[in-house]
Amino acid sequence: MKTPWILFFCSLLPGLGDTLNCSSPTPEALFDSLEKELFSKKLLRPVKSFSETLKVTLEAKLAGILGVNEKSQSLTTIIWLSQKWNIQGLSWDEKECGTSKVSISREKLWIPDISISEFMEEDKSPKTFYVHLNNHGQVTDDKPVRVDSFCKLDIYTFPFDIQNCTMTFGPYLHTGHSAELTLQESREVLWTKGEWELKNIQVTASILEIPHGNYSEIKYYFILRRRPILYVVNLLLPSCFLITLDLFSFLLPPATTDRSAFKMTLILGYTVFLLIMNDLLPVTGHGTPLLNVFFSISLALMVASLLETIFITNIQFRSDNYVPVPHWLSVLVLRYLAAIVCLPRKRRSTRLTVSLSPEPKGMTYEKMRHFIPRPLFRLQRWHSVQLHPVRPFL
Amino acid sequence: MKTPWILFFCSLLPGLGDTLNCSSPTPEALFDSLEKELFSKKLLRPVKSFSETLKVTLEAKLAGILGVNEKSQSLTTIIWLSQKWNIQGLSWDEKECGTSKVSISREKLWIPDISISEFMEEDKSPKTFYVHLNNHGQVTDDKPVRVDSFCKLDIYTFPFDIQNCTMTFGPYLHTGHSAELTLQESREVLWTKGEWELKNIQVTASILEIPHGNYSEIKYYFILRRRPILYVVNLLLPSCFLITLDLFSFLLPPATTDRSAFKMTLILGYTVFLLIMNDLLPVTGHGTPLLNVFFSISLALMVASLLETIFITNIQFRSDNYVPVPHWLSVLVLRYLAAIVCLPRKRRSTRLTVSLSPEPKGMTYEKMRHFIPRPLFRLQRWHSVQLHPVRPFL
Amino acid sequence: MKTPWILFFCSLLPGLGDTLNCSSPTPEALFDSLEKELFSKKLLRPVKSFSETLKVTLEAKLAGILGVNEKSQSLTTIIWLSQKWNIQGLSWDEKECGTSKVSISREKLWIPDISISEFMEEDKSPKTFYVHLNNHGQVTDDKPVRVDSFCKLDIYTFPFDIQNCTMTFGPYLHTGHSAELTLQESREVLWTKGEWELKNIQVTASILEIPHGNYSEIKYYFILRRRPILYVVNLLLPSCFLITLDLFSFLLPPATTDRSAFKMTLILGYTVFLLIMNDLLPVTGHGTPLLNVFFSISLALMVASLLETIFITNIQFRSDNYVPVPHWLSVLVLRYLAAIVCLPRKRRSTRLTVSLSPEPKGMTYEKMRHFIPRPLFRLQRWHSVQLHPVRPFL
Amino acid sequence: MKTPWILFFCSLLPGLGDTLNCSSPTPEALFDSLEKELFSKKLLRPVKSFSETLKVTLEAKLAGILGVNEKSQSLTTIIWLSQKWNIQGLSWDEKECGTSKVSISREKLWIPDISISEFMEEDKSPKTFYVHLNNHGQVTDDKPVRVDSFCKLDIYTFPFDIQNCTMTFGPYLHTGHSAELTLQESREVLWTKGEWELKNIQVTASILEIPHGNYSEIKYYFILRRRPILYVVNLLLPSCFLITLDLFSFLLPPATTDRSAFKMTLILGYTVFLLIMNDLLPVTGHGTPLLNVFFSISLALMVASLLETIFITNIQFRSDNYVPVPHWLSVLVLRYLAAIVCLPRKRRSTRLTVSLSPEPKGMTYEKMRHFIPRPLFRLQRWHSVQLHPVRPFL
Amino acid sequence: MKTPWILFFCSLLPGLGDTLNCSSPTPEALFDSLEKELFSKKLLRPVKSFSETLKVTLEAKLAGILGVNEKSQSLTTIIWLSQKWNIQGLSWDEKECGTSKVSISREKLWIPDISISEFMEEDKSPKTFYVHLNNHGQVTDDKPVRVDSFCKLDIYTFPFDIQNCTMTFGPYLHTGHSAELTLQESREVLWTKGEWELKNIQVTASILEIPHGNYSEIKYYFILRRRPILYVVNLLLPSCFLITLDLFSFLLPPATTDRSAFKMTLILGYTVFLLIMNDLLPVTGHGTPLLNVFFSISLALMVASLLETIFITNIQFRSDNYVPVPHWLSVLVLRYLAAIVCLPRKRRSTRLTVSLSPEPKGMTYEKMRHFIPRPLFRLQRWHSVQLHPVRPFL
C-alpha cells in the first residue's frame, strides 16, 4: 500500500517527480506549462523542501587579463562563468513537449547568488539574457563576467614578479545548508597577449566555517607572471649604461677635463632617467620594488663618486696653507669607499725619481706625504687621479 | 476576560503576536503566507504602530582601502555592511513551515534608508539580491558597499601623515523616533595591502539633534597611516643626495674648475627632481606639505650658495678699477649667509708670508684688504675660495 | 445656503478640504487611504485645479566642492537640496490615523521637475528613496545632489583668482503659472577642505520671461576663492629664484668663466621649470593667466640677457679686421636694453692710465674706442664685462 | 447622405476630429480621458492612418562646447533639443477641461526616435521627465542632450584651426514616409567660454535616399574656431626664443668659449621643450600639424648648425697632417648651407697682411688656402669664425 | 483529403500560414492583432516548432575606429549592426491592415542573443528603441553598437604595424540547431579619420563545434593600419638627428674642446628624448617594438662612443708612469669598436718627422708606440684624436 502515500506526497510537494504536461509539442504549450509551474515560483529556491540542498556546479574559464592596478591592489579579468543546477521536480517528456532543451529569459527564474568575495566594483560585464533549461530540470547559466577583484600584490621582485591572485566563488548569503558548490574541471581560453602571462590555475573547494553557518566556496588561484621585457629594455638597460659611464668616468684626466662637471651632468641624466622610472614603476606604498632600491643605491654611488672627485680635486689643486682634509674623512673616502668601488692595487714602481722642479701649480710629492694618510698615498699610484708628482724631465 | 480584548487587538493590528500559518512545510506554502502578510506591505515601515521605533543593528567591516584622492578630498573603501532589524509581529512555527530561515529577494521588503552622510557619488557597489528572514521576523541584510566619502585630509606631515576619516551611518530621513541605530561589535577584515595601513577603528553612537528632530547615527572613525617608504626612497633620499652635493661643491677649487657652472647644473638637476616631486606629491590647495616647503627651502639655499659663488668669483677675478661690492651686500653675504651655512673659523696662521711676485692675474692680499670687509677677509682664510695670495716660492 | 455648494464642490474636486479617513490608527489603514487618494494620482500635478500654482520651497546647502575643470569650464559640487511643497487637499487627523508624519517611497508621488540649468552631465548623485509627508499634505524631499555645472571661469589672475559660479534652479518645463519657486534661507555646511574656499553665497529669486511663458527661478551665486599656497610654493618661488640667478649672473667675470654657457644652462633649467608649470597651470584656451605671460616674459628676458652676453663676448674677443657691429644693433642693445635692465652709470675715473703692453689676446682700450659707439663705451666702465684695458704694471 | 459615413469613419478611427470629453474641469477628469484615449496607445505612431506622415519640428540650441578629443576624433557638446509634433485627432475644449496645456510624463507617450547619426556613446544627458501637451494635440518635448559625436578633425593649421563638425538629426528607423523633420530657426545660447569659439551654425534640411527608403534629416554644421593664445604663449614664443638664440650663437668666439657645448645645451633645451609640445599638441595619427613640422625643421636646423660648428672647429684646430675635408662635404656645408642660413658676402679687404710667425697652435692663412675651397675661404672673412690668420706682432 | 489535415495543423500551430486579421486598416486594429498574436509570445523563439531553425541575417558596417588600447589589448569601434529574421507564421494582408511595415518597440519582441565573443565590457552603445516588422513577418533590427573587443596586438613593427582584429558574431547560447547566422554583404562607412586606417574587411561564416553542440558564427577580420606620420616626426626624426650629432662629434678636437662633456650632454638630451618616447610608445608587456630596441641600441652606441672618448682622452693625457691600458681593453676598443663605427684607414704618411721637443704635457710618439697596440696606432693617424706627435718647428 505504498502508492497512496506517494500520491499524497506528490500532491503535497508540487512538482516532485511529476512531469510537465504539454498539450501539444509546440513552444506555446511548453511555455504555458512552464509559466504555471516554474515562472510563478521565481522567488523560491528550486528545492522540494527547505532541508534540501541546491547543488550548483561551477566552471570558470579565464578569457582575458585586462590589467593589474598596483595602486588600488586590484586585478581586472574577464571570466566565462558557467553555473549549472537542477530545478528539483521539474521534468518533461521530450516527445510530448517536442524538445529536450529550451532557452528561457534569466529574469523568469530564481538565480543563485554566487558572487566573488574579492569583487570590489559594480558589475561591468557584458549582459546576456538567456539560460538553458533541459527536460530533466537542469539549468545552464553561461555568462561572461568582468571581474575587478582585490589581489594582494607583492612587487618586491618587480619586474620579475609572479602574482598569486585568489577569487573566492561562493553564495553571498546562502549557507552550505542551502546552496553547495561543486567544481567542474576548468579550461583556460586566454584571449589576451598583454603584460601578464598566466602560469597556472589552481582550484580548491572548501568550506568556510563561521558562527552563522558554513559556507561552501571554491577558490581559484591564478598564478600570473609579468613579462619583464618592456621594463628591462626601458629601465634596466639605460640605467646600467649610465652606471657604466659613471664607473669609467674615473679615467678622465682631471687636469685636462672638468671631471666633476662631467659627473654632474651624468647625475643630471640619471635624474631625468628617474623621471622615466617614475612613470613605469608600479606605485604602491607597501613595500618598494628591489629595482627602486637599486636605482636609489646607484644614485647614491654616483653622488659618492662625485664627492670623491670633488675631494680629490680639492686636494690636488689647493695650496698647503689651508687646513688639511680631516683624518676621518680621508680614511672614509680612501680606505672604505675605494674598497667599495673595487680599486685594484698597483705594484710599487721601482724606479726612483727625483723632483727638481719648483712645481708652481701642483704640489710636490714630498709635501703631500706629510698630510695625506697612507691609503690615499697608495691610491694616487694606481688611481686615475693624476697628481703628476714625478715627471721625467730631460 | 482578557482574551477577547487581545483577540480584538490582534485582529486590529494584523500580525501582532500571531504567527504565519503554513498549509504545509513546503517553500510554496511559506511564500504564499509571506506574500499575503509581508510582501504586500512593502511600503510600510515594519512596525505595529507609528509610535514604535524600528531598531536597526549595524555592523561595518572595512574590507579594503582602495585609495585616497587628495584633490577632491575623498576616501574610497569597500565596507561589508550588515544591518539587522525586526519585522514586528512576524513569526512562524519552525516545524509547521519547515524552516527557521528563508532567503528573500530584497525588492520584496521595506528597507531602512541607512546612508553615509559623507557619501559623494552614485553607488558603485557590487550588487547582491537576497536578504535572510528568520522565523522570529528578524531580517539580516548583508552587502558590500563601495564608499566614496569625504575626508578632510591634512597633508602637512606628508609622507608621514595619519588621516582620520569619519563615516556617519544614519537614516537619511527617518528621525530617531522612527528608526534607531544600535551598534554591533565590528571586526576588521582588511584585504588590501596598499599605500594605506589601518591603525585603528573607533565607533561611537550618538544623537544628532536638529530642529526637525533627533537623528540616531553611528560614527566610524578610521585612523589610516600612510606607508612612507615609497616617498622616502623616491623623494627624500635623492633630494638629500643633491643637497649634500651642493654643500660639498664648495670644496671645488674655483681657479681650476668652473664652480658656478657646476652649481648651475646641480640646480638644473634639482629642477628635474622637482618634476618628479610634482608627480608624487598630493596636490591639494589647502596647506602645503612640510616636504614641499623643505624642497623649496633647499632650492632657495642652492640658489643662495650659487649667488655666493658668483659674488666670490667676481671679487676674486675683477680688477680694482671697478666699483667695490656695496657694503650692505658684502655684510649680508659674508656675515649672515656664512653663518647660515655654518662655516667654522680658522685659527690665524702664525706664519708670516711675504708676497714678492707681481701677480698679474689674481690680486694681491694687500689690495684686497682695502675694500673687502673683515668678514670676507676671514672667510678667505678657511674657505675653499683660493685666492692664492701668498705662495711660498723657492 | 452655502453648505450645499461647498459639498458639491467637494465632491467635484476630490480631496479638497476633506481629510483622509483612517479605519484605525495603524500604518496599514493610513497607507490604504493614501493608496486610494494619493498614489493613484501620481501623474497629476497635486493641485485642485489647473489654474492653481504649485509653490515649491527650495533650500540648497553646499556640502562640498569636489573640483573645478578649467578645460571643460565646469564645477563639481555636492549640494544638499531640500524641496517642500503641498499636496493640495490632502490632510488627515493625527489622532485618527496615529501619526503626523509618514515616510513614503518617492516613486509613488508626483515630483516637480526642478533642475539646474547649468547641469551638464547625467545624474551621479547618491540615491535616496523616501520623502516625508505630514498630515497637512506637505511633502519634504531631501536629497544630496552631485552637480556638474557649467561655470564661466576667468583665470586671468590665477592663482589668486576668485570665481563666481551660478546655479539656476528652476522647473525645466513648468512655467511660473504651474510651479513657483520660493526660497528658504540657506546655510552652508562645507565638508571639504580642498583647493577652493567658499567666500560667499548669494541667492536671488527671479522670473525668466520668454515668449513661451514666465519661468520662476532661483539663482545661487557661489563665490569661490582658490587657495594659492600650492602654486606660490611650486611655481612662483622657484621661478623667482631662477630669475634672480639670471640677474646676478652678470657678475660672473667673462674672462675666467664661460658666462654664456652658464646662462644657457640657466635657460635650460627654466625650460624644465616650464614643464612643471605646464602640469600645474589650468589649461583653457580662452585667456591666458597673467602668470603664464609673466613666465613667458621672464624667459624672453633671460634670452635677451643671454643674447647681450653673446654680443659682448663677441665684441670683447674679436679682432678688428672684421666688420663692426651694425649701428642699429649697438644702439638697440646698449642704449635701450641697458636701460631696461637698469644699469647705473659710473662716474668717470679720474685716474689716467697708460697701457704699454702689447695685449696679445684682449684688445686695447684705444682700438675699441674706434668702432664701439658711445653707449657701449660707457657700458664697459660700470658693467661687469672686464675688458682689462688698463692694468697697473709694476 | 454624407454624415452617416463620417460618423462611421469617426467610430472607426477613434480620436479623429472628435475632442476629449472631460467630465469636469479638473486635472483628474482630463487625465482620465487622456488615459483612455492616449496613454493606452503608447505603442502606436500618433497618426490616424499608416499613410499619414508625422511631422516633427526640430530646434537645436548649442548650450556648451565641452571639448574636442583629437585622438578619437570626437566632439562633446551640450545641446538643448526641442521637438514638436502633433498627436493627430487629439484635442479638447479648453473651457470644458479647465486648461490649454498639461505636463505629462514622457513614458506615457510614443516618442519619435530622432537620433544623431554621429553619436558614438551611451546617452549621458541629464534626465528630464515631462513633456507638454496642449489642447490641440501638440506635444512639445524639450530636453538637454549631451552629445559625443564624431567629427573629422583637420589639425593641419593647429593652433589656428577651424573645425566644421556636422550633426545629422534624423529618425533612426522611420523613413520619410513615416516621420518627416522640419526645421525651426535656431538660436545659440552658449554658456561656455573655453578653448573653442563658435563661429557659425549652418542648418540644412535634406533627404537621404537609400534603397530601403528615403530618410528625412536635418544637418547642423557647427563651425568652431580654436582660441590659439595658450599655444602661442606656451609653444610658439619659447620655440622662437630658442631658435633666435641658436642663430645668434654664431657670434660666440670659438677661440674663447666652447661654442659646440653651448649649442649642444641649446639643443638639449629644445628637446625639453619638445616634451612640453608633446603634452599640448593634439595627438592624432592622421596628418601632422604644421606646427609639429615647424618644430622638427627647427630641430633639424639647430642640429645642422651644430654640425657646421663642429666642422669649423675641426678645420680650425686640426694640424695639416690629417686628411682634408672631403670636397663634397665642404661644398655642401659652405656653398649650400651657408646660402640657407643667408650669410652675406663681405667685400674683400684690400689690406695685405703678411704672416711671419710660426703659428704653433692654429694654422697659417696660406696653408689653409690650399685645401679649403673658395666658399669657405670667403666664409672665414665675414663669419664669426675667428681663424686669427693675421695678428699684428710687434 | 489534404485540406483537413492542414486545417488541423493550422489550429495546432497558431500562426502558421494564417494571416493576422485586422478589423480595419488603422494602426489600432493592427496593434490589437499583434498584441494578441505576437506580443504575448515575447518569451518564445519565433518558430513554429522546436525543430525549426531561426535564420538570422547579419550585416555589420564599421562606422568608426575610436581607439586601440595596447595596455589592455583592446579595440574600440562603432559598428552599425543590422539583424534580420523571420517570425514564422506571422503575416498580414497589406490592404486589409493598411500598411506593409510597422515600427514596434524592441521590448515587445523576442530578440536573438547575437553577441560578440571578444566583447569585454558593459554595453555603452547609444540606445535605439524601435525595430521594423513587415507584413511577411520579417523583423529588421538596426542599431549602432559600441564594441570594446579583445584584439591580440602585435606591436613589433610599430609604428608601421598592421593589426588584424577579429570580431566573432554568434548567438551566445543558442546552438546552430536553434539559431543560424547568415551573412549579408557588408559595406564600410567609415566616419573617423584618426590614427588608424582601415585596410580591409574579411568575413567568413563558420561553425564552432564543441561538445555541447554546434554554434553558428560569423567572423569579421578588420585589417587596420596605423598612420605612422606622427611617430616618424616626433620619434624617429629627432632620434636620428641626435645620433647623427653623436657620430660627427668625433670631429671635435679633443685638445681644444671638452669632447667628453659634449657627448655627455648629448646623452642627457637623448635621455630626455627617451622620456618623450615613453609617452608615445604603446606600453604592453608582450614583445617590445623594434623601435624601442633601436632606441636602446642607439643609447648603447652613444654610451660606447663616450667610453671610447674617455679612454682616448685618458691615453692621450696621462703620464707614462701609470699602468697601461689592459691589453684586452685596447683590443676590444680599437679593433672591434673601431670596426663597428666603420672608421676608414688612412694611408701612411711618407714624411718622416723627428720630434725634438721635450713635450712636457702630451707624450711623445715614440713612447706611445711601446704600449699602444697596432690598431690604436693606426687609429690615431686618421682619427680626429689629435695627439700632436709631430709638430713642425722652425
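The structure displayed is predicted, hence computed values, not measured ones. (Residues numbered from 1 in each chain as written. Chains lettered and ligands numbered in written order. Predicted model: local features only at pLDDT ≥ 70, side-chain atom pairs only at ≥ 80, totals over all residues. Heavy atoms only, no water.)

K.L.:
What am I meant to see in the state of the cysteines here?
P.N.:
What makes a disulfide is a covalent bond joining the sulfur atoms belonging to two cysteines. A full pass over the atoms with the stated rule returns ten disulfides over all chains. Paired by a disulfide, Cys 22 of chain B and Cys 97 of chain B hold their sulfur atoms 1.8 Å apart. On the S-S bond that ties Cys 22 of chain B to Cys 97 of chain B, the torsion sits near 90°, and the link is right-handed. Taken together, the residues span a long stretch of sequence, with Cys 22 of chain B in the loop between helix 1 (2-12) and helix 2 (27-37) and Cys 97 of chain B in helix 3 (residues 94-97) at a distance of 75 residues. Of the residues examined, Cys 22 of chain B reaches a relative accessible area of 7% and is grouped as buried. For Cys 151 of chain C, the disulfide goes to Cys 165 of chain C, at an S-S distance of 1.9 Å. Here the S-S torsion is close to -90°, and the disulfide linking Cys 151 of chain C with Cys 165 of chain C is therefore left-handed. Here Cys 151 of chain C is found in the loop between strand 6 (138-150) and strand 7 (162-171), whereas its partner Cys 165 of chain C is found in strand 7, with 14 residues between them in sequence. Given a relative accessible area of 4%, Cys 151 of chain C falls into the buried group. (Disulfide = S-S within 2.5 Å. Helix = DSSP H or I, 4+ residues; strand = E, 2+ residues; numbered from the N terminus. Buried < 20%, exposed > 50% of the residue type's maximum accessible area, 1.4 Å probe, protein only.)

K.L.:
Quick question: what am I supposed to make of the sheet that holds strand 2 (residues 74-86) of chain D here?
P.N.:
Note: strands within a sheet are paired through backbone hydrogen bonds, in either parallel or antiparallel orientation. Residue and element names in this part refer to chain D. The mixed open sheet is built from six strands, whose spatial order is 3-5-6-2-1-8. The sheet terminates laterally at strand 3 (101-105) and strand 8 (179-183), the two strands that pair on one side only. Each adjacent strand pair in this sheet contributes to an overall mean axis angle of 35°, direction not counted. Summarising the sheet, strand 1 (residues 54-69) and strand 2 pair through eleven bridges and their orientation is antiparallel. Bridge pairing links Asn 69 to Ser 74 in strand 2. Against the sheet, helix 2 (residues 27-37) contacts strand 3 and strand 5 (130-134), and its axis sits at roughly 55° relative to strand 3. (Pairing = 2+ DSSP bridges. Axes fitted to C-alpha atoms, helices over the stretch in contact; angles between N-to-C directions. Contact = heavy atoms within 4.5 Å.)

K.L.:
What am I meant to see in the domain arrangement of chain A here?
P.N.:
Interfaces are often sized by the amount of accessible area the parts lose when they come together. All names here are of chain A. When the domains of chain A are assigned, the result is domain 1 (12-227) and domain 2 (230-319). When each unit is reduced to the centre of its C-alpha atoms, the spacing between domain 1 and domain 2 is 54 Å. Contacts between the two partners involve eleven residues from domain 1 and, on the opposite side, 14 residues from domain 2. Taking both sides of the interface into account, the surface hidden between domain 1 and domain 2 amounts to around 1,100 Å²; carbon and sulfur atoms contribute 69%. Per-residue buried area on domain 1 facing domain 2 is highest for Ile 155, Tyr 156 and Phe 158; these three make up 52% of the total on that side. Summed over the shared surface of domain 1 and domain 2, the number is two residue pairs in polar contact (both at pLDDT 80 or more). (Domains from an automatic or database assignment. Buried area = accessible area lost by both parts, 1.4 Å probe. Polar contact = N/O pair within 3.5 Å; in protein donor to acceptor, adjacent residues only side chain to side chain.)

K.L.:
Could you clarify how one ought to interpret the packing of aromatic side chains in this entry?
P.N.:
Here the distance between the centres and the angle between the planes together describe a pair of aromatic rings. Taken as a whole and judged by the stated rule, the model has 45 aromatic pairs over all chains. Look at Tyr 270 of chain E and Phe 273 of chain E: their rings are 5.8 Å apart centre to centre, the planes differ by 45°, and that puts the pair in the tilted class. Note that Tyr 270 of chain E and Phe 273 of chain E are positioned in helix 5 (residues 259-280) at a spacing of three residues, about one turn of the helix. The structure contains a cluster of three or more aromatic residues connected by ring pairs, namely Tyr 270, Phe 273, Phe 294 and Phe 295 of chain A. Against the face of Phe 250 of chain A rests Lys 263 of chain A, its NZ or CZ located 4.1 Å from the ring centre. (Phe/Tyr/Trp six-rings, centres within 6.5 Å; stacked < 30°, edge-to-face > 60°. Lys NZ or Arg CZ within 6 Å of the ring centre and 35° of its normal.)

K.L.:
How should the pairing of strand 6 of chain C be read in this particular structure?
P.N.:
A regular strand carries its side chains on alternate faces of the sheet. Residue and element names in this part refer to chain C. Counting buried positions along strand 6 yields ten of 13 residues, so the element is predominantly enclosed. Bridge count for strand 2 (residues 74-86) against strand 6 is 13 bridges, and the pairing is antiparallel. Bridge assignment links Thr 77 to a residue of strand 6, and that residue is Val 147. Summarising the sheet, strand 5 (residues 130-134) and strand 6 pair through two bridges and their orientation is antiparallel. Residue pairing across strands places His 132 opposite Thr 140, the latter belonging to strand 6. The antiparallel hairpin formed by strand 5 and strand 6 contains three residues in its connecting segment, where Gly 137 sits at a positive phi of about 90°.

K.L.:
I would appreciate a short explanation of the packing of helix 5 (residues 259-280) of chain B against helix 5 (residues 259-280) of chain C in the present structure.
P.N.:
Relative orientation and spacing of two packed helices are given, respectively, by the angle between their axes and the distance between those axes. Where helix 5 of chain B contacts helix 5 of chain C, the axes come no closer than 9 Å and their chain directions differ by 10°. For the element pair helix 5 of chain B / helix 5 of chain C, the angle class is roughly parallel. Judged by residue contacts, Ser 260, Ala 261, Met 264, Thr 265, Leu 268, Thr 271, Val 272, Leu 274, Leu 275, Asn 278 and Asp 279 of chain B of helix 5 of chain B engage Phe 262, Thr 265, Leu 266, Leu 268, Gly 269, Val 272, Phe 273, Leu 275, Ile 276, Asp 279 and Leu 280 of chain C from helix 5 of chain C. Its residues assigned to classes, the contact of helix 5 of chain B with helix 5 of chain C shows 14 nonpolar, six polar and two charged. (Parallel < 35°, antiparallel > 145°, perpendicular 65-115°, else oblique. Nonpolar A, V, L, I, M, F, W, Y, C, P; charged D, E, K, R; others polar.)

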